[in-house]
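# A closer look at the structure
Residues per chain, in single letters:
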Amino acid sequence: MSKLVTIFGGSGFVGRYVARRMAKAGWRVRVAVRRPNEAIFVKPYGVVGQVEPVLCNIRDDDSVRAVLSGADAVVNCVGILAEVGKNQFDAVQAEGAARIAQMAAAENVQQLVHVSAIGAHADAKSDYARSKATGEAAVQTHMPDAVVLRPSIVFGPEDQFFNRFASMTRLGPVLPVVGAQTLFQPVYVDDVARAAEQALTGDVAPGIYELGGPDVASFRDLMGGMLSVIHRRRLVMNVPFFAAAMMGSGFDLLQKMTLGLVTNSMITRDQVRGLSVDNIVGPDAKGFADLGISPISMESVLPDYLWRFRPSGQYDAIKDSAKNLRT
């Protein structure tokens with residue numbers, strides 16, 4: 001019988017790519033999510049019955065234990081960028097990760113891959129990064145042979161980075177960013193999935209792997225490259241950290257005062273703290289080279305999904321070409 005992998009957050013941005021790759025590798029895939037009815041799109045990743053979404057809340061012991069039963073391997077892709085309601089950083093990224101690892105060990109799961117983030121550190125400025133570090137430590141305590149993947153900003157068709165800022169260019173001539181000089185090393189989502197697959201199916205040493213693409217650029221330069229792809233001219237304006245912190249505090253307060261009815265989808269104070277630190281692979285860190293993977297560049301992928309933000313969408317290139325015709 002084929003091996004079974006349980007993927008927590010398997011319908012999310014990174015998780016769906018891991019699920020697709022593991023299905024193609026011949027594994028049975030159990031996609032553990034809070035809303036399985038909204039994750040039925042993962043079923044066609046394999047043959048009938050090979051990929052199944054199941055109900056799970058990583059804040060609940062019984063729920064986690066049930067989806068780990070009979071699994072040969074587990075991948076944890078669950079993470080949040082902002083706190084809303086009961087989904088707090090510690091509850092999801094620290095306690096949730098610890099719960100998965102502890103119960104995976106109790107169920108004799110052979111391998112665990114934990115998707116974290118570059119910048120995870122016990123003394124990090126942001127609560128997000130600190131909770132990631134706490135989760136990593138718990139995973140390595142309960143599953144010493146685990147592989148921890150730390151990607152930089154992840155890009156791809158469903159990303160909430162380039163898609164979000166490209167959408168903002170439709171609103172006016174100015175594109176505001178926080179931390180314009182902060183460095184990033186964007187990584188293609190399927191390369192992260194390849195790393196997870198390699199960790200489960202290949203001969204990969206346990207430990208932490210930092211995953212960054214071939215390009216390192218400042219936030220401002222990334223936006224400049226995106227603007228070039230979508231054929232728009234906008235002024236990239238840096239928002240000072242003190243001003244961004246005030247904005248984030250205001251939006252956070254509004255969310256608390258409305259008891260979560262109005263969620264902060266703009267920017268949080270914790271995100272501002274995170275944006276003050278470079279998000280690139282460390283000089284001595286293990287990475288894609290140690291996994292035998294050559295990461296894909298942004299320029300070869302971004303045009304495939306950002307074209308819809310061009311002034312004339314899919315017809316933009318045709319209209320530019322038509323201007324060169326003689327009348």
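What this report covers is the structure whose coordinates are included nearby.

Procedures and definitions
- Residues numbered from 1 in each chain as written.
- Predicted model: local features only at pLDDT ≥ 70, side-chain atom pairs only at ≥ 80, totals over all residues.
- Heavy atoms only, no water.
- Patch = residues over 30% accessible without salt bridge, like charges linked within 9 Å, V, L, I, M, F, W, Y side chains within 5 Å.
- Areas by Shrake-Rupley, 256 points an atom, 1.4 Å probe, with all protein chains shown as cover.
- Salt bridge = Lys/Arg side-chain N within 4 Å of Asp/Glu carboxyl O.
- Helix = DSSP H or I, 4+ residues; strand = E, 2+ residues; numbered from the N terminus.
- Buried < 20%, exposed > 50% of the residue type's maximum accessible area, 1.4 Å probe, protein only.
- Contact = heavy atoms within 4.5 Å.
- Expected span 1.5 Å × (residues − 1).
- Core = buried A, V, L, I, M, F, W, Y, C linked by side-chain atoms within 4.5 Å.

All right, on to a nonpolar patch on the surface then. A cluster of nonpolar residues, Val174, Leu235 and Met237, forms a patch on the protein surface that exposes about 260 Å² of accessible area. Mapped onto the elements, Met237 comes out in strand β13 (residues 235–239). Residue Met237 is classed as partly exposed on the basis of its relative accessible area, which comes to 39%.

As a further point, take the side chain of Ser11. Inspection of the secondary structure puts Ser11 in the loop between β1 (4–8) and α1 (13–24). Since its relative accessible area comes to 17%, Ser11 is described here as buried. Aside from chain neighbours lying at most four places away, what touches Ser11 is Arg16, Val31, Val33, Ala39, Phe41 and Val42.

Look at helix α6 (residues 189–201): 18 Å from first C-alpha to last across 13 residues, which is about the 18 Å you get at 1.5 Å a residue. Counting buried positions over the 13 residues of α6 gives ten, a clear majority of the element. For α6, the set of buried residues is Val189, Asp190, Asp191, Val192, Ala193, Ala195, Ala196, Glu197, Ala199 and Leu200.

So, on to the nonpolar core. Core analysis: the biggest nonpolar cluster contains 70 residues, and Val5, Val18, Val29, Phe162, Met223, Met226 and Leu306 have the highest contact counts within it. Sorting elements by how many residues they give to this core places α6 first, with seven residues. With residues near it in sequence (within four places) discarded, Val18 still touches Ile7, Val75, Cys77, Ala193 and Ala196. One finds Leu68, Ile80, Met103 and Ala146 within the second-largest nonpolar core, a separate group that totals 22 residues.

According to the stated counting rule, one finds ten salt bridges in the structure shown. Across the pair Arg130 and Asp127 runs a salt bridge, and its minimum N-O distance is 2.0 Å. Taken together, the residues Arg130 and Asp127, both in helix α4 (residues 127–142) and three residues apart, mark about one turn of the helix. Judged by its relative accessible area of 32%, Asp127 is partly exposed. It is possible to trace a salt-bridge network through shared partners that takes in Arg21, Asp190 and Glu197.

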